[in-house]
Amino acid sequence: DEQKAEEDAKKILSGDFNMNTFLEQVRTIKKMGSVRDVMEKMPFLGDQLPAEMNDKQMDRVEAIILSMTKQERREPELLNEQPSRIRRVAKGSGNDLKEVKGLVQRFFGMRQMMKQVGRSLT
């Protein structure tokens with residue numbers, strides 16, 4: 001389990017992760033207790049937490065990701081390339097189109113940020 005955690009950390013810091021990896025991380029955070037408490041303890045996220053960050057929001061994120069096809073989870077770029085996929089995911093997860101688009105944007109932003117953090121550590 002420790003080896004997998006190390007591999008996941010390397011993958012995340014390289015910016016080479018997908019929605020499956022993101023979903024695993026969301027579930028890991030949820031197991032640790034209150035999402036807000038966990039996030040506030042992270043030095044690089046504490047100041048940038050959105051006001052609406054809470055356990056219900058994490059449940060919505062999980063529902064959105066689970067409404068994606070396996071291919072979309074492996075290749076999230078498909079969501080940006082074909083907007084009809086975002087509409088389908090929104091319907092399937094019971095969320096607004098705006099919320100799904102926001103998650104996809106945040107995912108790509110986080111991936112880019114992690115890539116930069118990873119570069120600065122090497």
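This section reports on the structure supplied with the text. What you are looking at is a predicted structure, and each value in this text was computed from that prediction instead of being measured.

On to the nonpolar core. One finds M19, F22, I65, M68 and L79 to be the most contacted residues of the largest nonpolar core, which totals 21 residues. Listing elements by their share of this core, those giving two or more residues are α2 (19-31), α4 (55-66), α7 (83-93) and α8 (97-121). Apart from the residues lying within four places of it in its own chain, the contact partners of M19 are I65, M68, E72, R73, P76, L79 and F107.

Here the structure, examined in full by the defined rule, presents 3 aromatic pairs. Connected via pairs of aromatic rings, a cluster forms that spans F17, F22, F107 and F108.

Between its terminal C-alpha atoms α8 stretches 36 Å, which fits the 36 Å expected from 25 residues at 1.5 Å a residue. If you check which residues of α8 are buried, you get V100, G102, L103, V104, F107, R111, M114 and G118. Taken together, the buried residues of α8 touch α1 (2-13), α2, α4, α6 (77-81) and α7.

All chains considered together, the criterion is met by 7 salt bridges. A salt bridge links E99 to R60, with the shortest nitrogen-to-oxygen separation between them at 3.7 Å. Remark: R60 occurs in helix α4 and E99 occurs in helix α8; sequence separation between them is 39 residues. Where E72 meets R85, a salt bridge forms, and the shortest distance between an N and an O atom there is 2.9 Å. Of this pair, E72 sits in helix α5 (residues 70-74) while R85 sits in helix α7; the two residues are 13 residues apart in sequence, bridging distant segments of the chain. Looking at E72, the relative accessible area reads 0%, which means it is buried. Relative accessible area serves as the criterion here: at 17%, R85 is assigned to the buried category. Among the ionic contacts, a cluster of salt bridges with common partners joins R27, K30, D59 and E62.

Compared with an ideal rise of 1.5 Å per residue, which puts 13 residues at 18 Å, α2 spans 18 Å between its outermost C-alpha atoms and is within 8% of the ideal. Taken residue by residue, α2 has M19, T21, F22, L23, V26 and I29 as its buried positions. Capping of α2 at its N-terminal end is provided by N18; its side-chain oxygen lies 2.9 Å from the backbone amide nitrogen of N20. Positive phi appears at G33, one or two residues downstream of α2, with a value of about 120°.

Let's shift gears to the side chain of R85. Looking at R85, its side chain comes within polar contact range of the side chain of Q82, at 2.6 Å. If we ignore the near neighbours within four places in the chain, the residues touching R85 are T69, Q71, E72, L78 and L79.

Analysis parameters
- Residues numbered from 1 in each chain as written.
- Predicted model: local features only at pLDDT ≥ 70, side-chain atom pairs only at ≥ 80, totals over all residues.
- Heavy atoms only, no water.
- Core = buried A, V, L, I, M, F, W, Y, C linked by side-chain atoms within 4.5 Å.
- Buried < 20%, exposed > 50% of the residue type's maximum accessible area, 1.4 Å probe, protein only.
- Helix = DSSP H or I, 4+ residues; strand = E, 2+ residues; numbered from the N terminus.
- Contact = heavy atoms within 4.5 Å.
- Phe/Tyr/Trp six-rings, centres within 6.5 Å; stacked < 30°, edge-to-face > 60°.
- Expected span 1.5 Å × (residues − 1).
- Salt bridge = Lys/Arg side-chain N within 4 Å of Asp/Glu carboxyl O.
- Polar contact = N/O pair within 3.5 Å; in protein donor to acceptor, adjacent residues only side chain to side chain.

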